[in-house]
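Geometric and topological summary
In case you want the letters, here they are:
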Amino acid sequence: MIKDFQPRLYQQTILGTAANKNTLVVLPTGLGKTAVGFLMAAQRLHQYPKSKILMLAPTKPLCEQHVETFKKHLDVEGDKIVLFTGSVKPDKRAILWKDATIIVSTPQGLENDTINRRVKLEDVSLLIFDEAHKATGEYAYVWLAERYDKVSRFSRILALTASPGSDMEKIKEVCTNLKIE
């Protein structure tokens, strides 16, 4: 399912952990956190072929970048990898959700879609939080992780960040909020 990519040993090692436990991946920018995401997506789709993969990122440009990366390195039909941002109307997102395999979304819109039952987190076998250090306070990541943990039939969370926080309390808060084991 992976194309045009050869994982490094440390990415394979991280994948081995993330396949079995909700995991926070902390790597400097440019060392392949997104690659761990699409490797994990391939693993979960192999294990749960009818499931969906959901990747959240805080900005539209970052979401667009992830869509391109997933299309480049995953052997999934291009129209099955979709982008949800505020510029896509809620009714259109509901239609796209039904046929999509991989959804890359900003968190606020997805939170509203979940509350209004336009999307079903029950069908998601992997929820990826990019820029995971944002999972504090009232940020949408916190609510979405809680909801996903309650409703998913085959829950797995992968959190990615280059900067988890400057003190242990902040890192623990992020891990608690994202159900990281």
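A brief report on the enclosed structure follows. (Residues numbered from 1 in each chain as written. Predicted model: local features only at pLDDT ≥ 70, side-chain atom pairs only at ≥ 80, totals over all residues. Heavy atoms only, no water.)

1. Considerations on the overall build of the chain
Counting secondary structure elements, the chain contains seven helices and six strands. The order of α-helices and β-strands along the chain, N terminus first, is α-β-α-β-α-β-α-β-α-β-α-β-α. Compactness check: the chain gives a C-alpha radius of gyration of 15 Å against a globular reference of 16 Å for 181 residues, within 12% of the reference. With respect to the principal axes defined by its C-alpha atoms, the chain has extents near 40 × 40 × 30 Å. When burial is assessed residue by residue, the chain has 52% of its 181 residues classed as buried. Taking as baseline every contact in the chain between residues at least 6 positions apart, the subset at least 24 positions apart corresponds to 72%. (Helix = DSSP H or I, 4+ residues; strand = E, 2+ residues; numbered from the N terminus. Rg over C-alpha atoms; globule rule 2.2 N^0.38 Å. Buried < 20%, exposed > 50% of the residue type's maximum accessible area, 1.4 Å probe, protein only. Contact = heavy atoms within 4.5 Å.)

2. Points about the environment of S163
Looking at the secondary structure, you find S163 in the loop between β6 (157-161) and α7 (168-177). Along the backbone, S163 and K134 are 29 residues apart, and their C-alpha atoms lie at a distance of 9.9 Å.

3. Focus on the packing of helix α5 (residues 107-115) against helix α6 (residues 140-151)
Interhelical geometry of α5 versus α6 gives an angle of 40 degrees and a closest axis separation of 9 Å. Considered as vectors, α5 and α6 are oriented oblique to each other. Crossing of α5 over α6 shows left-handed handedness. On the side of α5, the interface is formed by P107, Q108, L110, E111, T114 and I115, while α6 contributes A140, Y141, W143, L144 and R147. (Axes fitted to C-alpha atoms, helices over the stretch in contact; angles between N-to-C directions. Parallel < 35°, antiparallel > 145°, perpendicular 65-115°, else oblique. Left-handed = near helix turned anticlockwise from the far one by under 90°.)

4. A look at the pattern of salt bridges
Close approach of charged atoms lets side chains of opposite charge pair. A full pass over the atoms with the stated rule returns six salt bridges. Among the salt bridges present, the one from R118 reaches D113, with a minimum N-O distance of 2.9 Å. Look at R118 and you get partly exposed, because its relative accessible area is 23%. The class of D113 is buried, set by a relative accessible area of 0%. Its salt-bridge partner being R153, residue D123 comes within 3.4 Å of it at the nearest N-O pair. Within this pair, whereas D123 is found in the loop between α5 and β5 (124-130), its partner R153 is found in the loop between α6 and β6, the two being separated by 30 residues in sequence. R153 gets classed as exposed once you look at its relative accessible area, which sits at 57%. (Salt bridge = Lys/Arg side-chain N within 4 Å of Asp/Glu carboxyl O.)

5. Quick look at the packing of aromatic side chains
Under the criterion given, the structure shown has six aromatic pairs. Linked through ring pairs, F5, F38 and F70 together constitute an aromatic cluster. (Phe/Tyr/Trp six-rings, centres within 6.5 Å; stacked < 30°, edge-to-face > 60°.)

6. A few points about the environment of P107
On the secondary structure map, P107 appears in helix α5. Not counting the four nearest positions on each side in its chain, P107 is found in contact with L56, A57, P58, Y139, A140, Y141 and L144.

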